[in-house]
Amino acid sequence: MDSLYLDCTLLHVDADGFFASVEQALDPALRGRPVVTGAERGIIAAASYEAKACGIGRSMQLHEARRLCPDLVVLPSDYESYSLYSRRLFEILRRFTPLVEEYSIDEAFADLSGCGELLERPLEEIAARLRHLVAAELGLTVSVGISLTKTLAKLCSKFRKPDGQTIVRREHLPFLLKRAPIAKVWGIGPASAMKLQSRGIATAYDFTRTDEAEIVRLLHKPGHETWRELRGRRVFPVELCARQRYDSMLKGHTFSPPSADPRIVFSEALRNLGAVLAKLRRHAHLARELGLSLRLKDYTCQNASARLPCPSCHDRDSTPVLRALFETLFSSGQTYRSTMVWLGELIAERQRQLDLFEDTPQRRACAELDRAVDRLNGRYGRNTIAPATLLDGKLKPFHPRDAAPRRYDALLPGERARHLAIPRLTLANPV
Ligand SMILES: [Mg+2]
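The rules behind these values
Residues numbered from 1 in each chain as written. Predicted model: local features only at pLDDT ≥ 70, side-chain atom pairs only at ≥ 80, totals over all residues. Helix = DSSP H or I, 4+ residues; strand = E, 2+ residues; numbered from the N terminus. Buried ≥ 20, exposed ≤ 12 C-beta atoms within 10 Å, placed from the backbone. Contact = placed C-beta atoms within 7 Å. Pairing = 2+ DSSP bridges. Axes fitted to C-alpha atoms, helices over the stretch in contact; angles between N-to-C directions. Left-handed = near helix turned anticlockwise from the far one by under 90°. Nonpolar A, V, L, I, M, F, W, Y, C, P; charged D, E, K, R; others polar. Core = buried A, V, L, I, M, F, W, Y, C linked by C-beta atoms within 7 Å. Expected span 1.5 Å × (residues − 1). Domains from an automatic or database assignment.

Caption draft 1: Up close: the environment of L395. By secondary structure assignment, the location of L395 is in the segment after α14 (360–380). On the basis of neighbour count, L395 is assigned to the exposed category, with 11 C-beta atoms found within 10 Å. C-alpha of L395 to C-alpha of D206: the two residues are 189 residues apart in sequence and 60 Å apart in space. Every residue in contact with L395, bar those within four places of it in the chain, is listed here: D261, R263 and I264.

This is the structure we're talking about:
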C-alpha cells in the first residue's frame, strides 16, 4: 500500500436517526418510543431506533408502518428545528478543529491533523469527548469514525451505530475492509456493486486487492478514486468552502386532499416559487429558465418551461411567467396532488451581463424589497411576508397532514420558530 499519509486524522461524524432524534430531544415524552417524521407526505422521512427495531425504515408508506407498529408516533417534519440542531452539532465539532466540511444536514468530515497533540489526548478520547458533548448539549447521539481517508472514516462511523465510535489505523485496515460489504462503501452505487459482485468482489477488502488496471477498466475514474481511498491514500480533500455553483434548483410539495380548484393549485405553485427564489437569492444566483410541473391524482405529470425575460431572482420577473405556464398546463375537471417549480440555466449573480435598457432604479428597489422580505422571513419564519395570492391556499380543506409541528405552539420565552434555546428540555433527561 501507499506509504503517504500515514496519519490517521480524518474524522466522520454522523447523527443517529437525526430527524427523529431531534424530535425526541425536543420532547422528552417521546424518548424511548418509536417515532417517525414525514406525516405531511404520508411517507417516512426518518425513523427513531425504536421504530427501526420494528422493521420501519425511510421511504416506507405510513399506513404500512402503522401496521408494523400500532404505537408509532407520527410527526410532521420540522426542518427549522433540524437545521438549528445541525448548526449546533457543527459548532461543537469546530471546537476541536476549524477544518470541518458540512457534508449534509447531519454528517460532517473534519481533519484532526495536529488536534491530538494540541489537546494531548489520543484520538479515542477525542471521539468520546465529541460524542459526550453532543449528547450533553443537544440530547442527541452520534456515531464517529476516524481513519486515514474520508471513505475509510465513513466506513468506520457506520461500523458501530448508533452511539458508537470506531478508529482504524493503517495496520488494522484489513480487519475493517473484510467486514465491509462492497455495496456499503461510500461512492460505490448499486450498479457498480452488482458489477463487482458478479466478478466475485464481495467486500471492500476484495476490492482493494483487485488489480488497479482492472478497477480503471470496470469503474473508470470515480471507482479508481474510491479504490485509492480505501487503500489509505487521500484523494478527496476536506472541502472547507460551502458549495458555490449551482446548475438548477427546485422545490415541490404534495398537498392533501388533492384539488381541482385552480386557485388552490396555483397558490401551491406560487409558494414553491417563493421558496426556490429565496434559496436562489441566498446563494447569490440568477435563473434564466423557469419550469412548472403539475402532478395529477393518478400520478401522471405535466411539465412546461419558459425563459425568463432576463436572468433574475425576483418574484416580479418570474410570477407572470409562472402564471402563463400554469394556464397552459392546468385543465379544469382534473384533480391535482402536487406542484413543483424549478429554476434552470443558473448563473452566479456577479456574472450577470448588464442590460443597457434595463430600468435600474426599479430593479434596485425590487432587490431591496426582496432583501427586506427575506430578512423578515428568516427571522420570523417562512411566509411571514408572502404574496396575497397564497391566501387562496386557505381555501383547501384542512387535512391531518397539514398539522404544523407542535413546538410552534409551545415556544419558550424568548424563542422564535427560527431561534430555539437549545437545550430546551434536555437537562432533566439523562442521556
Ligand atoms: Mg445520520
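Caption draft 2: Just the sheet that holds strand β8 (residues 165–167), in detail. One open sheet accounts for five strands, arranged β5-β6-β1-β7-β8; its pairing is mixed. Looking along the sheet, the strands with just one partner apiece sit at the ends: β5 (100–104) and β8. Across this sheet, the average inter-strand angle for adjacent strands is 15°, counted without regard to direction. Helix α4 (residues 79–94) rests against β1 (10–15), β5 and β6 (107–111) of the sheet, and its axis sits at about 155° to β5.

Caption draft 3: Region of interest: the packing of helix α12 (residues 262–282) against helix α13 (residues 315–329). At a closest axis distance of 11 Å, the pairing of α12 and α13 adopts a crossing angle of 145°. Judged by the twist between their axes, the crossing of α12 over α13 is right-handed. Across from F266, A269, L270, L273, G274 and L277 in α12, the residues of α13 making contact are D315, S318, T319, L322 and F326. By residue class, the composition of the contact of α12 with α13 is seven nonpolar, three polar and one charged.

Caption draft 4: Summary view of the nonpolar core. In terms of nonpolar packing, the biggest core is built from 62 residues, with L11, V22, V36, A110, L140 and I146 touching the most fellow members. The greatest single-element share of this core, amounting to six residues, is contributed by helix α1 (residues 18–26). In contact with A110, other than residues within four places in its own chain, are L11, L93, F96, T97, L99, V100 and V238. Counting 25 residues, the second-largest nonpolar core is a separate cluster that includes V265, L290, L322 and V341.

Caption draft 5: Quick peek at helix α11 (residues 212–230). The end-to-end C-alpha distance of α11 is 12 Å, clearly below the 27 Å that 19 residues give at a rise of 1.5 Å each. Every buried residue belonging to α11 is among I215, L219, G223, T226, W227, R228, E229 and L230, and all of these are buried. The secondary structure elements touched by the buried residues of α11 are α7 (150–159), α8 (173–178), α9 (190–197) and α10 (204–209). Count one or two residues on from α11 and you reach G232, which has phi positive near 95°.

Caption draft 6: Representation of the domain arrangement of the chain. Under the domain assignment, the chain is made up of domain 1 (1–238 + 416–431) and domain 2 (249–397). Look at where the C-alpha atoms of domain 1 and domain 2 centre, and you get two points 34 Å apart. Across the side of domain 1 that touches domain 2, the residue classes break down as one nonpolar, no polar and three charged.

Caption draft 7: Highlighting the pairing of β6. Most of β6 is tucked away, with five of its five residues classed as buried. Burial along β6 is two-sided: the residues E107, F109 and D111 and A108 and A110 are all buried. In terms of strand pairing, β1 meets β6 through five bridges, oriented antiparallel. Residue pairing in the sheet places V13 in a bridge with A108 of β6. Relative to β6, β5 runs antiparallel, the two sharing four bridges.

Caption draft 8: Spatial organisation of the pairing of strand β12 (residues 336–344). Among the nine residues that make up β12, seven are buried, leaving the element largely enclosed by the rest of the structure. Alignment of strand β10 (residues 285–296) against β12, held across eight bridges, turns out to be antiparallel. Looking across to β12, one finds that L294 is bridged to T339.

Caption draft 9: A look at the environment of L75. For L75, the position within the fold is in strand β4 (residues 73–75). Residues L75 and T37, spaced 38 residues apart in sequence, show a C-alpha to C-alpha distance of 4.7 Å.

Caption draft 10: How the structure looks around the environment of G381. Following the sequence through the fold, G381 ends up in the segment after α14. G381 sits in the partly exposed class, given 13 other C-beta atoms within 10 Å. On a C-alpha basis, the gap between G381 and E80 in space is 8.6 Å, while along the polypeptide they are 301 residues apart. Apart from the residues within four sequence positions on either side, G381 is in contact with A417 and R418.

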